[in-house]
Amino acid sequence: ETRELLENLVSRAYCEIQETRGNQTRLHPLRWFFHTLPQTFRRHFRAFLLSSAIMLAGSLFGAAVLAFDPGDKELIIPFSHLLQDPSDRVAREESGEDFLQGGKASFSTQLMTNNTQVSILALALGMTWGVGTVILLFYNGVILGAGGFDYIQAGQSEFLLGWLLPHGSVEIPAILMAGQAGLGLAGA
């Protein structure tokens, strides 16, 4: 009886000591979005700066490659829409020809799918001690820099900004934040 009493007391004491239900606050989605997420982002801000620097270096490299040899465009840009002459593409876009043939919808879908895959991979490749994350961020910077340089060189800066700002203002930071998470995972 004494042994049962002591075991009962020890088990209740253990449960009281290890109790976490009272200490946990329910994580409300708005609290997570407005408090926890920004706090976590700030805590790992150096990884975000590194992620941004890697992508910027890739962009500068992609622009430099096209500046020195425009024939390399087909080697570094994977999207067929970006392989065309920028002036011809802008003329087709403004005429509405692509819209009638469903080209815009398929390219938009392809771009969204690619950017989602890149974000998930940038995070997951942190498991490679960050090597995969760095390569992926750099290569996406190369594509962005080469495409941007091509349009700017063709005098289509306004079109480029009109094309990049609507989706790029969300998707590019999402890729950079996924890179930040991947680099954080690599550091862990």
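Here is what the cut-offs are and how they apply
- Residues numbered from 1 in each chain as written.
- Predicted model: local features only at pLDDT ≥ 70, side-chain atom pairs only at ≥ 80, totals over all residues.
- Heavy atoms only, no water.
- Helix = DSSP H or I, 4+ residues; strand = E, 2+ residues; numbered from the N terminus.
- Buried < 20%, exposed > 50% of the residue type's maximum accessible area, 1.4 Å probe, protein only.
- Contact = heavy atoms within 4.5 Å.
- Areas by Shrake-Rupley, 256 points an atom, 1.4 Å probe, with all protein chains shown as cover.
- Core = buried A, V, L, I, M, F, W, Y, C linked by side-chain atoms within 4.5 Å.
- pLDDT = per-residue confidence, 0-100.
- Salt bridge = Lys/Arg side-chain N within 4 Å of Asp/Glu carboxyl O.
- Expected span 1.5 Å × (residues − 1).
- Bend = angle between axes of the 7 residues up to and from the residue.

### Looking at the overall build of the protein chain
- Helix and strand counts for the protein chain come out as 10 helices and 0 strands.
- Across the protein chain, helices and strands are ordered from the amino to the carboxyl terminus as α-α-α-α-α-α-α-α-α-α.
- Residues counted as buried form 32% of the 188 residues belonging to the protein chain.
- Within the protein chain, contacts between residues at least 6 apart in sequence are counted, and of these 74% link residues at least 24 apart.
- Looking at the protein chain as shown, the accessible area adds up to about 12500 Å², and 65% of this sits on carbon and sulfur atoms.

### Section: the nonpolar core
- Counting 17 residues, the largest nonpolar core has Ile-76, Phe-79, Leu-82, Tyr-151 and Trp-163 as its most contacted members.
- Listed by contribution, the elements that provide at least two residues to this core are helix H3 (45-68), helix H8 (103-124), helix H9 (131-153) and helix H10 (157-187).
- For Trp-163, the contacting residues outside a window of four places in its chain are Leu-82, Arg-89, Phe-107 and Leu-111.
- The next biggest cluster of nonpolar side chains, apart from the first, holds 10 residues, and it includes Ile-54, Val-118, Ile-175 and Leu-176.

### Section: the confidence of the model for the protein chain
- For the protein chain, the average pLDDT comes to 86, and 90% of its residues sit at 70 or higher.
- Here helix H7 (residues 97-101) stands out as the element of the protein chain with the lowest mean pLDDT, 57, in contrast to H3, whose mean of 96 is the highest.

### Focus on the pattern of salt bridges
- By the definition in use, this model includes 2 salt bridges.
- Glu-7 serves as the salt-bridge partner of Arg-3, at 3.3 Å between the closest nitrogen and oxygen. Remark: Glu-7 and Arg-3 occur in helix H1 (residues 2-18); sequence separation between them is 4 residues, near one turn of the helix.
- Taking the relative accessible area as the measure of exposure, Arg-3 reaches 64% and is therefore exposed.
- Where Asp-150 meets Lys-73, a salt bridge forms, and the shortest distance between an N and an O atom there is 2.4 Å. Of this pair, Asp-150 sits in helix H9 while Lys-73 sits in helix H4 (residues 73-76), and the two are 77 residues apart along the sequence.
- Classification of Asp-150 by relative accessible area gives buried; the value is 12%.
- On the basis of relative accessible area, Lys-73 is assigned to the buried category, the value being 11%.

### As for the environment of Phe-159
- In this fold, Phe-159 is placed in helix H10.
- Distance from Phe-159 to Ser-87, taken between C-alpha atoms, is 9.7 Å for residues 72 residues apart in sequence.
- When neighbours within four sequence positions are excluded, Phe-159 is seen to be in contact with Arg-89, Val-90, Glu-93 and Tyr-151.

### A short note on helix H2 (residues 29-43)
- With 15 residues, H2 should cover 21 Å at 1.5 Å per step; its first-to-last C-alpha distance of 20 Å lies within 8% of that length.
- Taken as a whole, H2 carries its principal kink of about 30° at Thr-36; the proline Pro-38 stands between one and four residues after it.

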